[in-house]
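Per-entry structural report
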Amino acid sequence: MATPSEPSPTKTSFDFSLHSHDTALAVIPPQSLWASLNRIRSLYDAASHKWPPHVNLLYPFCPPSSLPAASQILSSILSTRQPSPSPLNITLSQPGHFPRRNESVCFLTSGNPSHIQAVKDLVNDLAKGFEERGIEGKRRPFEMHLTMGQASGEVKGKEWENLMGKLALSPEVNFTVEELAILKREDGRMRLWGTVDVHTGELTVLESSKGFDQHILGETEEQEKGYRDGLMSGKTVYWDEEMQIWTVSQDDDYDYEDDDDEEGAGRDSLTVASYNVLAEFEYPQKQDRYPLLVRNILDGKADADVLVLQEVTDGFLSFLLEDEGIKDRYPYCSHGPPSQTDMEPLPNFLNMVVLSKIAFDWESVSFQRKHKGALVAKLRHVGNWQGDEFKPVVLAAVHLSHGLTDGAVASKKGDIKRLVGYLEEKYEGCPWVVAGDFNITTSPEAVQAALEKKNISDLTAKQLRGLDAIFNDANFVDAWEVTSEGKEGGATWDPTVNGVAVALSGGNVWPQRYDRILVRGEGFFKVKEFNMFGLERDRAGDAAEESFASDHWGIRSVLNIGQFVFDEPEKAEEENREPANSLVVPVHLERAPKSLSGAGSIKAGLCELNVIPGEEEAAKRKEAFELLKTRLLDATTNTPAAARLQSAVIVVPVGSYALGVWTTSSDIDVCCIGPFSSNTFFSIASSCLRKAAPQGIRILRRVRANTGTMLELEVQGIRMDLQYCPAAAVADQWPDVLRLPAKDPVWSLAPQTLNKLKAIRDIDYLRRSLPDLSAFRLAHRFIKTWAKSRGIYSARFGYLSGIQIAILLARVQKLLAKSSPSVEDLIASFFTHYSTFPFATSLAFDPTFHIPTPQYTRSYREPLAILGYFPPSLNTASAATLPSVLTLSKEFSLAASSLPTSSSWSSFLTPLITTFLTSFKTYIKLDLSYWGLSSQKGAQFLGWFESRCAILLVDIGRKCPGLHARIYPARFVESSDLVTDDNDTSYRGCYLIGLDKISPSTPKLDLSAALAALQAVLPRFETQICSDGKYFNPQNRWMSASLTNQKDLGHLVLDTRTWGESNPGEEESESETDSDEEVKEEEEAEEELIEEAYEAAKRRKRALKKEKKESKGKKQHVVVIREGKFRTALDVMNRIRWDASMDSGDFVVGYEDRFLGAQEKELDDWKTEQTDEEFIPQHRILYFRRKSDNKVVWDRKKRVDEVFGPSGE
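Figured I'd write up the structure that's included with this text. Computed from a predicted structure; not experimentally measured. (Residues numbered from 1 in each chain as written. Predicted model: local features only at pLDDT ≥ 70, side-chain atom pairs only at ≥ 80, totals over all residues. Heavy atoms only, no water.)

1. So, the overall build of the protein
- Within the protein, the secondary structure is distributed over 32 helices and 43 strands.
- In the protein, once contacts between residues fewer than 6 apart in sequence are set aside, the share between residues at least 24 apart is 74%.
- In the structure as shown, the protein presents an accessible area of about 55,000 Å², 49% of it carried by carbon and sulfur atoms. (Helix = DSSP H or I, 4+ residues; strand = E, 2+ residues; numbered from the N terminus. Contact = heavy atoms within 4.5 Å. Areas by Shrake-Rupley, 256 points an atom, 1.4 Å probe, with all protein chains shown as cover.)

In structure tokens, the structure reads:
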């Protein structure tokens, strides 16, 4: 770097002029913008391999030998230039062109006059500074532009229209200029020689000039192909139903129909289709055929899991992706709509596009001609397991070179070899599908005619016949040949029938089978069916006659997964029959009544109730979540601990927001996964979130709940609950870890850790396995709204929760998948099915996941079993009670019987609160009062009390079998108590439980006995609540349980305040956590103890080895009686771990969990570091048990120690 003093501005000081084309002074955009620019430049700009994306300021510039002097002048000019009050911004958003010889140079320029003027002023100041020093140059009018390509031929011609159209569709390029680049030509390419700061004039000269990535384009063929492959590859986009836009798919997005079980369990087939849609070659391009093409694509004969399109233009793709049917059927697409402002145009004039129901990633494989290539899609979650390695299905979309000439055939051969070689190198062992327009001539007459016309040589004709051999050698089978049974023909381009093909035939009048689907199943799938589509005529636009939509027919093939085509129909039918499972309660399709069956009526009803969030609300929540995510990632990434651990923190939504079923009243649950301990994470998170208060982030409280520490937040007005899960291995492999089977070692975690991950894993599976996610979301929102209106949506009180509704709905939708029910029919089937479901005796589970049957044994204490997906706890309805299950059954029956009489879905949602206070003659009234100084403590008390109400309901169910007790899951207050006072921290309210006969036939005597038993149940519940010293303080809390007649209820109304809506748990302050010094001291003390045990263990190992060598006997476990010192749990643990005669893997630790009671854990998994989330204090250890003989070898309470013996030695 050099910053010399300013040279004297005399005309004799310098001996050069600005006429050299070997150097340039330019503005180079930030490298993060290069990819989108170079995708166009590499195809259309002949100089793309010589220049980076740039805006020239002075070109031609000085001779290369004069760069040192010229750079000093530049530095001097800029350092003395009047500083601008605003940054130098450049916006490139407008296409432009200027003529050059027989072509047009097409470029991007700015549509902002102030930006253009600022750059012009800079160029004028630079040119004037050189002139004042006597250095001459070409002073031509400056036109700011970034060259994107050249279009040969006349203006408004085909090439010009294509390129200018793409530039008009290109996303806006914005950047701030901080430095100017000095470029020098070496070996024909411009390289970076140095930079100069545009504000200060500070000069930086590189020790040696630096090249740019695109220089590879001029190197070897393999290097050039590798660069093009990476450059032309892109990100899959998906239809975001909430935001109503196409957006880039991230790695943790999911597909609509898929399972991650081995061998494709849950998915019995994969359907692939291909269609050449025929581009419009004239300008302006007409859209007359577009509706016909879309109709063909949406036709049932074309329905596929993955659809490959060829000859797609920017205009057609924009039209296609605006269609509602396309969005519903194919939510994933390789390219976004070019008409959407944040999406790029398609790179070529004729493009391949992949649409899919299944999430996929894709990459480009370049061919010999730069506008040709293959699009290789890797289906994220469909494939085969080979040992512990997942082999995804790989689909290559192709559109080979057109024509029957020596050059075209040679090009096809080279491209096929390139593709097959690429697949073999990168995806060996994966199932392959290659689909598209192969443009391989199959008509012998056409080949003979080409030979006679000397269009091809005999050698070329031989090569043409050998193209199929390349695929055969790679073990591909042709889907049409497999299913044609020796039939001839199979033409997909047929001018004898298709008039559109005739118009484009160019004298080729013979039918050809250009389009193909080739399969290499690798034992994962085989061809089952093949058909064509797009064979219907219709009028295109104002045309007088009907015609076909394209010159090609579409093709489609169904590939069976794990169940192959049989010769005997009876055997095929037997194999295809679903396995009988006696535990699965069958579901039957129930059509919605006529008054409720109108398409869209569900959505209209929910919109009327303001349940479905609008675009503005969705955008607000997305912005709030991204803000929280950004703040947490910034905080956790920039810590010394993060650098030491070299592991990232993952921030993911869970609950209703993650599943896409949230409503306007929903909170957002967020879980972070990372390598830190919980104390470390929450310390970092709390600190950074407090600093983010100006951005609208507020910490409401920190809670120690059953699931661990939690932060209750408010982010830009949105309530969020933040949890943390310390699992470094899971974070390191995210999101691919979600595809690993449950038996993978990465999931060998403590129950508490698995419990935090369970919600993420369950929702991940649901999103990937549902037949129709859009219908599911709409139905889930409706059922949740119904449950709330009927007072049965509250997991605390043993009623339904969001995940339970999801499981119940998912099993109905999956079991009815073959019927493809509408949303209205799905909901009608849901209520009808569960109105008769035997909850008392049957498990409710997803039969596509729990194969062949659930690994779950229901206990007599579980009146309801709704099984989730992943461990540790399968039953999601553990809080259910006999009274709550009876309430659910009655409500399902009432809903099913109300369907035929409801005039609309809105009227179906009749709120229970309008009748609850008058539906029962007798109620249990649970009165609560709080008069403490802290409203948060009062809210905590109410939340805790609600979680204890299940105890009362369980007791009523057992002791009062003749009663049906229905609790309303909300508080009631006197209307006068609803008057709010911000300074009032006291509270008074009640909960009501309606009492009724368990059935109309219950004898009066049994009812009297039940009421008598209830007189003993209520005082016992009062005692349980009032004796809890942690949550109940009689100095500021009061509670009473009593029987009340309906007429004595008074004027009760629902409490609409937010009291008690916080998470139940003990409020935690940061001062309650151990200080760093305390933790460090304890760790050092424990390390010293372990070190002593380790040294003693080594001595014992040497002695035991010697003893074993002499005796050559087997290990013997001796039962001893305590006589000396009773050894501590830590002593026993260290002995088992370090004693060579003991196998630590044969022992488990019994310990007392604060919430779950007595639990067991593998000794090898026991954590001794206090900073670990899974750390459990030694005083909670109850016993050590040997697994091989189920013997307890150490017991704290019984004072048994068979590890150290009687003397404790």
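2. Thoughts on the environment of Val 497
- Inspection of the secondary structure puts Val 497 in the loop between α13 (479–484) and α14 (499–503).
- For the pair Val 497 and Phe 548, spaced 51 residues apart in sequence, the C-alpha to C-alpha distance is 9.8 Å.
- Ignoring anything within four residues of it in the chain, the contact list for Val 497 reads Arg 537, Phe 548 and Trp 553.

3. Observations regarding the packing of aromatic side chains
- Within the structure shown, the criterion is met by 52 aromatic pairs.
- Relative to Tyr 59, the ring of Trp 51 lies with its centre 5.2 Å away and its plane at 90 degrees, an arrangement referred to as edge-to-face.
- With a relative accessible area of 22%, Tyr 59 lands in the partly exposed category.
- An aromatic cluster is present here, built from Phe 782, Trp 786, Phe 830, Phe 831, Tyr 834, Phe 837, Phe 839, Phe 892, Trp 905 and Phe 908 joined pairwise through their rings. (Phe/Tyr/Trp six-rings, centres within 6.5 Å; stacked < 30°, edge-to-face > 60°. Buried < 20%, exposed > 50% of the residue type's maximum accessible area, 1.4 Å probe, protein only.)

4. Digging into the nonpolar core
- With 93 residues, the main nonpolar core has Trp 786, Phe 831, Leu 926 and Phe 945 as its most contacted residues.
- Examining the composition of this core, we find that 9 residues originate from one element, helix α23 (residues 773–789), more than from any other.
- Once residues within four sequence positions are removed from consideration, Phe 831 is found in contact with Phe 782, Ile 783, Trp 786, Phe 892, Ala 895, Ala 896, Leu 899 and Phe 908.
- Counting 51 residues, the second-largest nonpolar core is a separate cluster that includes Tyr 44, Leu 58, Cys 106 and Leu 146. (Core = buried A, V, L, I, M, F, W, Y, C linked by side-chain atoms within 4.5 Å.)

5. Quick look at helix α11 (residues 458–465)
- When α11 is considered as a whole, its buried residues turn out to be Thr 460, Ala 461 and Leu 464. Mapping the buried residues of α11 onto a view down its axis gives an arc of 100 degrees, with all of them on the same face. Exposed and oriented more than 90 degrees from the buried face of α11 are Asp 458, Leu 459, Lys 462 and Arg 465.
- On its buried face, α11 is in contact with α9 (406–426), α10 (444–452) and α12 (467–473). (Arc of directions from axis to C-beta.)

6. Structural notes on the packing of helix α16 (residues 601–608) against α23
- With their axes 10 Å apart at the nearest point, α16 and α23 run at an angle of 50 degrees to one another. By the angle class used here, α16 and α23 are oblique. Note that α16 runs across α23; the crossing there is left-handed. Note on element contacts: α23 touches α16 through Leu 778, Arg 781, Phe 782 and Thr 785, opposite Ile 602, Lys 603 and Leu 606. (Axes fitted to C-alpha atoms, helices over the stretch in contact; angles between N-to-C directions. Parallel < 35°, antiparallel > 145°, perpendicular 65-115°, else oblique. Left-handed = near helix turned anticlockwise from the far one by under 90°.)

7. Concerning the pairing of strand β39 (residues 1147–1153)
- The buried count for β39 comes to 6 of 7 residues, which makes it a mostly enclosed element.
- Relative to strand β41 (residues 1181–1186), β39 runs antiparallel, the two being bridged by 5 bridges. Paired with Phe 1147 across the bridge in β41 is Arg 1186.
- Bridge analysis of β39 against strand β40 (residues 1157–1162) gives 6 bridges, and the strand direction is antiparallel. Within the sheet, the bridge partner assigned to Val 1148 lies in β40 and is Glu 1162. (Pairing = 2+ DSSP bridges.)

8. With respect to the sheet that holds strand β43 (residues 1200–1201)
- If you walk across this open sheet you meet the 5 strands as β40-β39-β41-β42-β43, and the pairing is antiparallel. Two strands in the sheet have a free side with no partner beyond their single neighbour: β40 and β43.
- In terms of strand pairing, strand β42 (residues 1191–1195) meets β43 through 2 bridges, oriented antiparallel. Within β43, the position partnered with Asp 1195 by the bridge is Val 1200.
- The strands that helix α32 (residues 1129–1138) touches are β39, β41 and β42; relative to β41, the one it contacts most, it runs at about 25 degrees.

9. Structural notes on the side chain of His 552
- Mapped onto the elements, His 552 comes out in the loop between β25 (546–547) and β26 (554–561).
- Looking at His 552, its side chain comes within polar contact range of the side chain of Asp 515, at 2.7 Å. (Polar contact = N/O pair within 3.5 Å; in protein donor to acceptor, adjacent residues only side chain to side chain.)

10. Describing the sheet that holds strand β14 (residues 306–312)
- Spatially, the 8 strands line up as an open sheet ordered β12-β11-β15-β16-β14-β13-β26-β23, and their pairing is mixed. Strands at the two margins of the open sheet, each flanked by one partner only, are β12 (245–248) and β23 (525–533).
- Here β23 runs beside β26; their pairing, made up of 8 bridges, is antiparallel. By the bridge assignment, Val 527 is partnered in β26 with Leu 559.

11. So, helix α3 (residues 113–132)
- Over its 20 residues, α3 extends 28 Å from the first C-alpha to the last, a length consistent with the 28 Å expected when each residue adds 1.5 Å.
- Taken together, the buried residues of α3 touch β1 (23–27), β2 (55–58), α2 (67–80), β3 (89–92) and β8 (179–186).
- Where α3 terminates, the next one or two residues include Gly 134, which has phi positive at roughly 80 degrees. (Expected span 1.5 Å × (residues − 1).)

12. With respect to the pairing of β41
- Burial analysis of β41 places 5 of its 6 residues in the buried class, the great majority of the element.
- Two elements, β41 and β42, share 4 bridges in a ladder whose sense is antiparallel. Paired with Arg 1185 across the two strands is Val 1192, which belongs to β42.
- Count of turn residues in the β41/β42 antiparallel hairpin: 4 residues, of which Asn 1190 carries a positive phi of about 60 degrees.

13. Some points on the pattern of salt bridges
- Counted according to the given criterion, the structure contains 40 salt bridges.
- When the shortest N-O distance is used, the salt bridge between Arg 41 and Asp 45 registers 3.5 Å. Asp 45 carries the same exposure label as Arg 41, and that label is buried.
- Asp 538 is paired through a salt bridge with Arg 295; the nearest N and O atoms lie 2.2 Å apart. In this pair, Asp 538 is assigned in strand β24 (residues 538–539) and Arg 295 in helix α6 (residues 290–298), connecting sequence segments 243 residues apart. (Salt bridge = Lys/Arg side-chain N within 4 Å of Asp/Glu carboxyl O.)

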